[in-house]
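# Fold and geometry: a report
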Amino acid sequence: MPDDPFPPPLWMILGAVIVCGLLAILVPMLVHTGERPPDKTWKGIFYSNPDDPSLLVPKRFGIGYTLNFGNPWSWAVLALIVLMAVLPFILTGILLRPFLKLAAPR
């Protein structure tokens with residue numbers, strides 16, 4: 001195994017920190033400011049209004065924001081969130097495969 005300047009666990013952590021930092025900068029630019037969206041645009045707990053260009057809108061109840069599923073970019077954001085949750089498991093499996101082969105009984 002070649003000597004990497006950053007071992008895999010370190011770059012996995014740094015990657016997540018960098019992504020979170022970028023999101024902290026970009027989210028204020030993508031947030032819908034003003035009053036809450038009307039009730040007719042809500043489908044249960046999901047907000048979907050293709051006529052609203054906002055990616056993030058204030059939640060119907062409580063504090064925080066939710067995705068506008070009428071905006072095509074919200075699906076990309078959702079896929080990115082799922083990828084960030086699953087990728088560490090996939091990378092761990094790939095990186096540990098050589099070690100598991102060595103430890104397997106013959």
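Just above sits the structure.
Now for a look at the structure at hand. (Residues numbered from 1 in each chain as written. Predicted model: local features only at pLDDT ≥ 70, side-chain atom pairs only at ≥ 80, totals over all residues. Heavy atoms only, no water.)

## Some points on the overall build of the chain
Scanning the chain for helices and strands turns up 2 helices and 4 strands. The order of helices and strands in the chain, counted from the N terminus, is α-β-β-β-β-α. The buried share of the chain, reckoned over its 106 residues, is 19%. By sequence separation, contacts in the chain at least 24 residues apart represent 27% of the contacts at least 6 residues apart. Only carbon and sulfur atoms are counted for the fraction: they give 74% of the accessible area of the chain, which is about 8,400 Å². (Helix = DSSP H or I, 4+ residues; strand = E, 2+ residues; numbered from the N terminus. Buried < 20%, exposed > 50% of the residue type's maximum accessible area, 1.4 Å probe, protein only. Contact = heavy atoms within 4.5 Å. Areas by Shrake-Rupley, 256 points an atom, 1.4 Å probe, with all protein chains shown as cover.)

## Some remarks on the pattern of salt bridges
Evaluated as defined, the whole model comprises 1 salt bridge. As a salt-bridge pair, Asp 39 and Arg 60 come within 3.4 Å of each other at their nearest N and O atoms. In this pair, Asp 39 sits in the loop between α1 (8-30) and β1 (42-43) while Arg 60 sits in the loop between β3 (56-58) and β4 (65-67), placing the two residues 21 residues apart along the sequence. (Salt bridge = Lys/Arg side-chain N within 4 Å of Asp/Glu carboxyl O.)

## A short note on the side chain of Ser 74
Tracing the backbone shows Ser 74 in helix α2 (residues 72-103). Here Asn 71 takes part through its backbone oxygen, which lies 2.7 Å from a polar atom of the side chain of Ser 74. With near-sequence residues (within four places) excluded, Ser 74 lies in contact with Leu 55, Leu 67, Asn 68 and Phe 69. (Polar contact = N/O pair within 3.5 Å; in protein donor to acceptor, adjacent residues only side chain to side chain.)

## Describing a nonpolar patch on the surface
A grouping of Trp 75, Leu 78, Leu 80, Val 82, Leu 83, Met 84, Val 86, Leu 87, Ile 90 and Ile 94 is seen on the molecular surface, where their side chains present a nonpolar patch of about 850 Å² in accessible area. Within the secondary structure, Val 86 is located in helix α2. (Patch = residues over 30% accessible without salt bridge, like charges linked within 9 Å, V, L, I, M, F, W, Y side chains within 5 Å.)

## A closer look at the environment of Arg 36
With respect to the element layout, Arg 36 can be found in the loop between α1 and β1. On the basis of relative accessibility, which here comes to 42%, the residue Arg 36 falls in the partly exposed class. When the C-alpha atoms of Arg 36 and Arg 60 are compared, they prove to be 6.9 Å apart, with 24 residues separating the residues in sequence.

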